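Observations on the model geometry
As a plain string of letters, each chain reads:
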Amino acid sequence: MVDIATRVYNHKWKIDPIVRSLIDTDFYKLLMCQSVFRNKRDTHVTFSLINRSKDIRLADMIDEGELREQLDHVRSLSLTRGESTWMRGNMFYGKRQMFRSDFMEWFENLRLPAYQLEKRDGQYELTFEGSWPEVMLWEIPALAILMELRSRAVLGPMKKFELQVLYARGMTKLWEKIKQLQPLEGLKIADFGTRRRHSYLWQDWCVQAMIEGLGSKFTGTSNCLIAMKRDLEAVGTNAHELPMIYSALAENDAALAQAPYDVLRDWQEEHEGNLRIILPDTYGTKGFLEHAPDWLAGWTGIRIDSGDPATGAEKAIKWWQERGEDPTKKLIIFSDGLDTSKIVELHKQFKGRVRTSFGWGTLLTNDFRGLTPDDALAPFSLVCKAVEANGKPTVKLSDNPKKAMGPAEEIERYKRVFGVGDQEAIDVVV
């Protein structure tokens with residue numbers, strides 16, 4: 001077992017680069033990257049860092065030289081022979097050769113493109129521009145770097161025994177959470193915590209704790225490097241990025257209204273019927289389901305990632321019933337800001353009505369709330385999103401207006417096209 005406190009104390013040895021592999025990323029990014037490589041590889045995109053928690057002044061906390069050093073290190077990485085073998089030969093979701101040879105040949109020769117970094121008003125403006133399949137792979141490492149450098153800035157003044165006590169308390173806190181989940185019969189839960197983790201070493205420790213504490217109830221991790229290292233299932237499907245960019249490329253309102261379904265049609269062709277999980281909330285779940293083609297009702301399930309999760313689940317169940325589908329054979333994946341109390345509540349509420357699974361993210365891999373003075377390690381909401389595609393702005397609405405992003409006039413246009421009415425605002429913690 002790694003002595004995390006000692007490794008943190010000795011970071012000056014530079015034995016712990018924050019991102020140590022191109023597959024130290026979420027599985028869904030690689031799945032989406034292959035789909036983009038096949039369908040939209042010439043699309044020019046811009047991704048930008050967005051700190052929703054303005055009170056966390058990252059540029060005042062994190063040394064620019066250290067940030068550049070970590071970003072430059074990621075640009076030096078390439079796929080190793082062992083990583084390529086794992087991707088080419090491993091079985092994912094019951095299928096071998098999930099990643100095709102032409103994509104793997106491209107990925108094996110990839111180096112991530114250049115970045116642009118500036119300081120403004122206590123924040124870093126970090127952007128990436130270029131071809132979509134290359135630029136999209138910056139999202140997860142960029143977030144992991146900023147999150148861990150913030151952690152290192154807070155931990156830097158601490159002495160060795162203080163660090164040991166902090167991590168002991170953090171481990172105890174997580175183990176108490178695991179004990180709360182142990183009695184839940186039929187629980188299925190996975191680690192979704194890469195992007196806003198405390199650190200790589202901490203995420204790896206959390207995964208090992210879940211393996212020991214939950215056994216078969218723990219279904220895997222979204223982190224490909226940890227999945228390979230720990231011989232676990234790599235889990236994940238797709239994210240808001242796909243409909244956001246497809247929609248930005250739409251030439252008129254009619255094409256815009258169809259874009260979220262075009263994404264899923266391409267996805268179904270790409271994966272020959274596997275990985276059929278709908279993410280309906282990019283422009284509002286209600287409108288998405290009302291206008292969805294009948295063939296989508298036959299998909300495996302739905303992931304709920306914004307708004308009130310129970311309300312979203314009820315909408316999904318009703319939709320399946322109206323389309324002649326049996327909800328008890330469908331899967332709902334909850335993945336928005338989860339912690340144990342909500343997981344327990346949702347598991348009990350929907351047991352027997354629908355199959356459920358939980359993607360546990362930031363509050364699994366970065367919950368040091370209450371363990372430092374001034375709560376200096378409390379998690380915060382940092383994202384890296386596609387903001388432009390072929391010169392056109394992207395928009396995200398979600399089921400929570402506080403997560404909306406894009407130019408104001410475009411947000412209003414999207415609300416009109418997708419029939420988004422009143423929405424309940426929910427504070428965004430992570």
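Report follows, based on the coordinates.

Rules behind the numbers
Residues numbered from 1 in each chain as written. Predicted model: local features only at pLDDT ≥ 70, side-chain atom pairs only at ≥ 80, totals over all residues. Heavy atoms only, no water. Helix = DSSP H or I, 4+ residues; strand = E, 2+ residues; numbered from the N terminus. Contact = heavy atoms within 4.5 Å. Phe/Tyr/Trp six-rings, centres within 6.5 Å; stacked < 30°, edge-to-face > 60°. Buried < 20%, exposed > 50% of the residue type's maximum accessible area, 1.4 Å probe, protein only. Lys NZ or Arg CZ within 6 Å of the ring centre and 35° of its normal. Pairing = 2+ DSSP bridges. Axes fitted to C-alpha atoms, helices over the stretch in contact; angles between N-to-C directions. Core = buried A, V, L, I, M, F, W, Y, C linked by side-chain atoms within 4.5 Å. Right-handed = clockwise from strand over helix to strand, strands pointing away. Parallel < 35°, antiparallel > 145°, perpendicular 65-115°, else oblique. Left-handed = near helix turned anticlockwise from the far one by under 90°. Nonpolar A, V, L, I, M, F, W, Y, C, P; charged D, E, K, R; others polar.

**Side note on the side chain of R152**
Position of R152 relative to the elements: it lies in helix α8 (residues 139–155). Aside from chain neighbours lying at most four places away, what touches R152 is H11, D16, I18 and Q70.

**Points about the packing of aromatic side chains**
Following the criterion strictly, the structure yields 26 aromatic pairs and no others. When the ring of W106 is compared with that of F107, the centres are 6.4 Å apart and the planes differ by 25°; the resulting orientation is stacked. You'll find W106 and F107 in the same group, each marked buried. Centre to centre, the rings of Y167 and W202 are 5.7 Å apart; their planes meet at 50°, and the pair counts as tilted. Of the two residues, Y167 sits in helix α9 (residues 160–181) while W202 sits in helix α10 (residues 200–214), which places them 35 residues apart along the sequence. Judged by its relative accessible area of 2%, Y167 is buried. Directly above the ring of F37 sits R41, whose terminal nitrogen or CZ lies 3.9 Å from the centroid.

**Describing the sheet that holds strand β12 (residues 382–389)**
Strand order in this open sheet of five strands is β4-β5-β1-β12-β13, and the pairing throughout is antiparallel. What marks the edges here is a single partner per strand, and that holds for β4 (115–120) and β13 (392–393). Both β12 and β13 contribute to a ladder of two bridges, which runs antiparallel. Residue E388 lies in a different strand from β13, and its bridge partner there is P393.

**Let's talk about the sheet that holds strand β10 (residues 331–334)**
In spatial order, the strands read β7-β6-β11-β10-β9-β8; together these six strands make up an open sheet with parallel pairing. Each end of this open sheet is capped by a strand with a single partner; those strands are β7 (218–221) and β8 (277–278). In this sheet, strand β11 (residues 355–360) lies alongside β10 in parallel orientation, the contact comprising four bridges. Following the sheet pairing, F334 is matched in β11 by F358. Here helix α16 (residues 340–350) sits on the sheet and contacts β6 (189–191), β10 and β11; the angle it forms with β11, its principal contact strand, is near 170°.

**A word on the nonpolar core**
Membership of the largest hydrophobic core comes to 130 residues, with the highest contact counts inside it found for M87, F99, F107, L146 and W360. With residues up to four places along the chain from it excluded, the contact list for M87 reads I23, L30, L79, F92, F99, F103, M104 and F107. If you look at the next biggest cluster of nonpolar residues, it comprises twelve residues, including A250, Y414, F418 and V420.

**Details of the pairing of β10**
A two-sided burial pattern is seen for β10, the buried positions comprising L331 and I333 on one face and I332 and F334 on the other. Crossover connection from β10 via α16 to parallel β11: handedness right-handed.

**With respect to the packing of helix α5 (residues 81–89) against helix α6 (residues 101–108)**
Look at α5 against α6: their axes get within 11 Å of each other, and the N-to-C directions meet at 165°. Judged by the inter-axis angle, α5 sits roughly antiparallel to α6. In this structure, α5 crosses over α6, and the sense of that crossing is right-handed. Residue-level inspection shows S84, M87 and R88 of α5 in contact with α6, the latter providing S101, F103, M104, E105, F107 and E108. Of the residues that constitute the contact of α5 with α6, the class distribution is four nonpolar, two polar and three charged.

Geometric descriptors of this kind do not, in isolation, establish any biological role.
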